[in-house]
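# Examination of the molecular architecture
Next come the chains, spelled out residue by residue.
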Amino acid sequence: DAKTTQPPSMDCAEGRAANLPCNHSTISGNEYVYWYRQIHSQGPQYIIHGLKNNETNEMASLIITEDRKSSTLILPHATLRDTAVYYCIVSPRGGVNYGGSQGNLIFGKGTKLSVKP
Amino acid sequence: DVKVTQSSRYLVKRTGEKVFLECVQDMDHENMFWYRQDPGLGLRLIYFSYDVKMKEKGDIPEGYSVSREKKERFSLILESASTNQTSMYLCASSLRTSGYYNEQFFGPGTRLTVL
């Protein structure tokens with residue numbers, strides 16, 4: 001089972017900030033928070049990741065609470081093309097380690113974000 | 001740009017047929033993954049490979065096998081397709097890690113229908 005909880009759906013007006021919450025209360029010290037999104041009929045796309053500090057890139061900002069039990073993905077100026085399912089994932093840093101499955105990404109059901117004109 | 005390609009976008013097969021789904025990546029990534037995606041269930045990992053000829057079972061390997069003969073290519077095989085394998089199949093690749101972050105790059109998916 002996914003170790004995160006997200007609202008199933010959210011709406012956002014075009015041009016406004018979209019704030020997508022994620023609860024990961026059982027996160028452990030070596031686990032990162034990753035965000036991916038999946039636009040209809042496409043494969044998932046990486047957005048951003050973080051450990052404990054807030055992070056920003058050209059796509060989004062990630063705010064992680066001090067206790068690391070929750071985070072918020074912020075799309076500062078949502079456009080219609082940001083309509084997608086957004087997945088919050090916690091996983092040990094890195095992908096697949098030698099000979100083991102540690103670090104695999106476990107996708108939950110995500111949040112379906114609808115950006116409306 | 002990293003490119004992960006899958007052999008077909010849409011595929012229709014009959015029950016009992018052997019089905020091959022091919023995935024190719026062009027970024028020299030060590031790790032490759034096969035997922036299936038079903039409504040209400042999200043993405044589930046079937047198999048992954050962290051090196052040529054190496055493979056590991058994911059969460060739902062039953063009814064599937066894989067082959068990784070070359071670094072850039074990872075094949076998913078349905079030995080005898082069944083209707084419950086009708087799904088969207090997604091391939092992904094990533095750099096191997098020595099403990100640092102890496103991201104997975106996904107292909108566009110293959111929508112398989114088994115009749």
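Note that the structure is predicted; figures quoted are calculated from it, not measured.

## Concerning the state of the cysteines
All names here are of chain A. Enumeration over the complete set of coordinates arrives at two disulfides over all chains. A sulfur-sulfur distance of 2.1 Å marks the disulfide that ties C22 to C88. Its torsion about the S-S bond being -85°, the disulfide of C22 and C88 is classed as left-handed. Here C22, found in strand 2 (residues 18-23), pairs with C88, found in strand 8 (residues 84-92); they are 66 residues apart in sequence, far enough to count as distant. Of the residues examined, C22 reaches a relative accessible area of 3% and is grouped as buried. A residue is classified by how much of its surface remains accessible, and C88, at 1% relative accessible area, is buried.

## Looking at the sheet that holds strand 1 (residues 9-13) of chain A
All names here are of chain A. Spatial ordering of the open sheet is given by 1-9-8-3-4, a layout of five strands whose pairing is mixed. Of all the strands in the sheet, the pair left with one neighbour each is strand 1 and strand 4 (45-50). Looking at each pair of strands side by side, their axes are set apart by 25° on average, direction ignored.

Conventions used here
Residues numbered from 1 in each chain as written. Chains lettered and ligands numbered in written order. Predicted model: local features only at pLDDT ≥ 70, side-chain atom pairs only at ≥ 80, totals over all residues. Heavy atoms only, no water. Disulfide = S-S within 2.5 Å. Helix = DSSP H or I, 4+ residues; strand = E, 2+ residues; numbered from the N terminus. Buried < 20%, exposed > 50% of the residue type's maximum accessible area, 1.4 Å probe, protein only. Pairing = 2+ DSSP bridges. Axes fitted to C-alpha atoms, helices over the stretch in contact; angles between N-to-C directions.

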